[in-house]
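# Descriptive structure summary
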Amino acid sequence: QVQLVESGGGSVQVGGSLKLSCAASGDTTIRYCLGWFRQTPGKEREGVAGIDRDGSKTYADSVKGRFTISKDNAKNALYLQMNNLKPDDTAMYYCAARPGYCSNDPKRYNDWGHGTQVTVSS
């Protein structure tokens, strides 16, 4: 089990950038999939990006080319660099972890942070 704490959210104008961080504690996440999800009130939580235990990365089509997921095993940390932000990116962003390989189904993740809000305005 890991405990996850997100940070780095905030308000930004269209076209701006933010970098989200997720600090993990407890178990090492080296052999975990680490993922970012986002959710808007009234909508289902959706997968944004994931990085699995061998470093393979996946992205939702809506963010491909704009967002970059990375991790630092030594720091037990996960990051999401978000560039060219759009109003549709406005959401609460969560990091999550599960043993093994990644999935875009949030039900397959064991551990979650409490979220960090990203608001993109025009």
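Data block above holds the structure.
What comes next is a walk through the structure. (Residues numbered from 1 in each chain as written. Predicted model: local features only at pLDDT ≥ 70, side-chain atom pairs only at ≥ 80, totals over all residues. Heavy atoms only, no water.)

For the rest of this paragraph, the subject is the environment of His 114. Here His 114 shows up in the loop between strand S10 (111-112) and strand S11 (116-121). The spatial distance from the C-alpha of His 114 to the C-alpha of Met 92 is 9.1 Å, given a sequence separation of 22 residues. Not counting residues up to four positions away in its chain, the partners in contact with His 114 are Leu 4, Glu 6 and Tyr 94. (Helix = DSSP H or I, 4+ residues; strand = E, 2+ residues; numbered from the N terminus. Contact = heavy atoms within 4.5 Å.)

Next up on the list: the nonpolar core. In terms of nonpolar packing, the biggest core is built from 27 residues, with Trp 36, Val 48, Phe 67, Leu 78, Leu 80, Met 82 and Tyr 93 touching the most fellow members. Among the secondary structure elements, those contributing two or more residues to this core are strand S1 (2-7), strand S3 (18-26), strand S4 (32-39), strand S5 (46-51), strand S7 (67-72), strand S8 (77-82), strand S9 (91-99) and S11. In this view, Phe 67 contacts Arg 38, Val 48, Tyr 59, Leu 80, Gln 81, Met 82, Asn 83, Leu 85, Asp 89 and Tyr 93; residues no more than four positions away in its chain are not counted. (Core = buried A, V, L, I, M, F, W, Y, C linked by side-chain atoms within 4.5 Å. Buried < 20%, exposed > 50% of the residue type's maximum accessible area, 1.4 Å probe, protein only.)

This part takes up the packing of aromatic side chains. What the rule picks out here adds up to four aromatic pairs. Taken together, Phe 37, Tyr 94, Tyr 109 and Trp 112 form an aromatic cluster joined through their ring pairs. When the ring centre of Tyr 94 is taken as reference, the NZ or CZ atom of Arg 45 above it lies at 3.9 Å. (Phe/Tyr/Trp six-rings, centres within 6.5 Å; stacked < 30°, edge-to-face > 60°. Lys NZ or Arg CZ within 6 Å of the ring centre and 35° of its normal.)

Counted according to the given criterion, the structure contains two disulfides. Two residues share a disulfide in this structure: Cys 22 and Cys 95, whose sulfurs sit 2.0 Å from each other. Sign of the S-S torsion, about 60 degrees for the bond between Cys 22 and Cys 95, identifies this disulfide as right-handed. One end of the pair, Cys 22, is in strand S3; the other, Cys 95, is in strand S9, with 73 residues separating them in the sequence. The pair Cys 22 / Cys 95 is uniform in exposure class, with both members buried. Covalent S-S linkage joins Cys 33 and Cys 102, the inter-sulfur distance amounting to 2.0 Å. Disulfide Cys 33-Cys 102: torsion about the S-S bond near 100 degrees, hence right-handed. Of this pair, Cys 33 sits in strand S4 while Cys 102 sits in the loop between S9 and S10, placing them 69 residues apart in sequence. Residue Cys 33 is classed as buried on the basis of its relative accessible area of 0%. (Disulfide = S-S within 2.5 Å.)

With that out of the way, let us pick up the side chain of Glu 6. Take Glu 6: it is sitting in strand S1. Despite its burial, Glu 6 remains without a salt bridge, the nearest opposite charge being carried by Arg 45 at 7.6 Å. Within polar-contact distance, the side chain of Glu 6 engages the backbone nitrogen of Cys 95 at 2.9 Å. Glu 6 has contacts with Ser 21, Cys 22, Trp 36, Tyr 93, Tyr 94, Cys 95, Gly 113, His 114, Gly 115 and Thr 116, leaving out every residue within four places of it along the chain. (Lys, Arg positive; Asp, Glu negative; His and termini not counted. Salt bridge = Lys/Arg side-chain N within 4 Å of Asp/Glu carboxyl O. Polar contact = N/O pair within 3.5 Å; in protein donor to acceptor, adjacent residues only side chain to side chain.)

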